[in-house]
Amino acid sequence: MKNLEDLPRLSNIDGLIAIKNSILPRIAFRKDPKAQPQDDISHHVMICGDTGCASSGSKALVEAFREELAARNLEKNVEIVVIGCHGFCEMGPLLVIYPDDVYYIRLRPDDVPEIIEETILRGELIPKLLYHDRDTLKPIVRYQEIEFYAKQNRILLANCGQINPEDVEEYIANDGYLALAKALSQNDPLAILNEVKKSGLRGRGGGGFPTGRKWELCREAVGDPKYLICNADEGDPGAFMDRSLMEGDQHRLLEGMILGAIAIGAKEGYIYVRAEYPVAVKRVKNAILQAEALELLGENILGSSFSFNIYVKEGAGAFVCGEETALIHSIEGKRGMPTTRPPFPAVNGLWGQPTNNNNVETWANIPKIVLNGGEWFASFGTEKSKGTKVFALTGKIRNTGLAEVSMGLTLREIVYGIGGGLQNDKPFKAVQIGGPSGGCLPESMIDRPVDYDSLIEAGAMMG
């Protein structure tokens, strides 16, 4: 990763395209094994460094690789890339070796010499390190063929596990900030708003209010300046969707907020994140500095007349600050206490000004909607619940981890098809969904589709 002072200043869209074209060949073989590695690099070893795998020992694994490669004089040939959450937390620490697309799980530092000798240098597989199908015991080489991944629809999580989250140029190489460039070239804030409305995106924080309508209310509210807030105060027990996005693809969050600012007419935004997420806090702050250095954030973005700044506010862990009015009070330096609505924040929010508040997952969906169009996003999901949803699978389930599925998939398909069922083949009793504000759905509801209206009807909620 380059130092901030070495990043180019992007005074126009052509500079963004130039970065994409220069970086893409270097990482192309992560998606296309036929693509030839550049320079002396023969392999990329992608090691999950998200909080989950880090707690299982991935930091020691990274150091073991670096030491072994140095001892063999292979540092210029094999690139170690610490990635965000790959999803299958139960199997961590894990890695993927490109261009061979080999997936190894539950690794220890003493596995490293054998991996380098057998797989990287000789091109041979190490069966004991591969994932084995639970029913057939057949080893599986490519993670995409594992049931946990194969039944997902990873749109929002597409970059997580595929890029170095601390390198803005890798995000750009994967179409990052192209939606922003498109929006600035069109110079039509209502076009962004209309695409979001057309997409049918609803708030992913749990309430499910139509995002486009929420933006519209804030845009039309009387008052200036207007503010944006990203609610990253993820306090539900067992939830780590927002954290993983901030650790693994934080520039997507920033780009979504910038696009929202253009549509609404805001000049400042705040990311309210709990201080218990130190890796997320560090990476988001670093991403802001990178975006500012590239002139993708701040004054006259990409040489346009539009300016927008983002600030990070660390919360102290109060669960109540996940509620938007309490969160606003906390940003203002007051005690985080909810207030009665109306007036809603869209009319009277931060410092008494019109304010739009969405959670991490909602903001992170915006770049793809703007780039591909609202109809593209609406092609996934159900009639009233469009797109995909990210879930944290935790508890007494075989495959704990992070999963993204199209809206409308049933609980059975999530728990058994992706989650692998219950540990020790115990009978299913209930699933808790939507955090403390949600509910417990019993076995009789296991074939219920997971969408906003179905969950509310059952006495739970999205979360």
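Since the structure is predicted, the reported quantities are computational estimates derived from the model, not experimental observations.

Draft legend 1. Representation of helix α12 (residues 278–293) in the model. When the terminal C-alpha atoms of α12 are compared, their 23 Å separation across 16 residues agrees well with the 22 Å that a helix rising 1.5 Å per residue should span. Taken as a whole, α12 has its buried residues at A280, V281, R283, V284, A287, I288, Q290, A291 and A293. Looking at the buried residues of α12, the elements they touch are β2 (78–83), α6 (168–173), α10 (241–248), α11 (250–264), β8 (268–274) and β9 (309–315). Phi turns positive one or two residues past the end of α12, at E295, with a value near 65°.

Draft legend 2. Molecular detail of the packing of helix α7 (residues 178–186) against α11. Running from N to C, α7 and α11 cross one another at 15°; their axes reach a closest spacing of 9 Å. Overall, the two elements α7 and α11 adopt an arrangement that is roughly parallel. Pair α7 / α11 crosses with left-handed handedness. Contacts between α7 and α11 pair L178, A179, L180, A183 and L184 from the former with E255, I258, L259 and I262 from the latter.

Draft legend 3. A look at the nonpolar core. With 75 residues, the main nonpolar core has Y177, L296 and F308 as its most contacted residues. Not counting residues up to four positions away in its chain, the partners in contact with L296 are L10, L16, I172, Y177, L180, I258, A291, I301 and L302. In terms of nonpolar packing, the next biggest core, distinct from the first, is built from 42 residues, Y131, F391, A403 and V415 among them.

Draft legend 4. Here's a closer look at the pairing of strand β13 (residues 430–433). The alternating pattern of β13 places V431 and I433 on a buried face, while none of A430 and Q432, on the opposite face, is buried. Counted between consecutive antiparallel strands, the loop separating β13 from strand β14 (residues 439–442) contains five residues, among which G434 sits at a positive phi close to 90°.

Draft legend 5. Expanded view of the pattern of salt bridges. Enumeration according to the criterion identifies 31 salt bridges in this entry. Among the ionic pairs, R66 bridges to E63, the shortest N-O distance being 3.7 Å. Taken together, the residues span about one helical turn, with R66 and E63 both in helix α3 (residues 58–71) at a distance of three residues. Classification of R66 as partly exposed rests on a relative accessible area of 40%. The salt bridge partner of E90 is R106, with a shortest N-O separation of 3.3 Å. Placement of E90 in the loop between β2 and β3 (95–98) and of R106 in the loop between β4 (102–104) and α4 (112–121) is noted, with a sequence separation of 16 residues between them. The class for R106 is partly exposed, based on a relative accessible area of 45%. Among the charged side chains, a salt-bridge network with shared partners connects R26, R30, E79 and E170.

Criteria and thresholds
Residues numbered from 1 in each chain as written. Predicted model: local features only at pLDDT ≥ 70, side-chain atom pairs only at ≥ 80, totals over all residues. Heavy atoms only, no water. Helix = DSSP H or I, 4+ residues; strand = E, 2+ residues; numbered from the N terminus. Expected span 1.5 Å × (residues − 1). Buried < 20%, exposed > 50% of the residue type's maximum accessible area, 1.4 Å probe, protein only. Contact = heavy atoms within 4.5 Å. Axes fitted to C-alpha atoms, helices over the stretch in contact; angles between N-to-C directions. Parallel < 35°, antiparallel > 145°, perpendicular 65-115°, else oblique. Left-handed = near helix turned anticlockwise from the far one by under 90°. Core = buried A, V, L, I, M, F, W, Y, C linked by side-chain atoms within 4.5 Å. Pairing = 2+ DSSP bridges. Salt bridge = Lys/Arg side-chain N within 4 Å of Asp/Glu carboxyl O.

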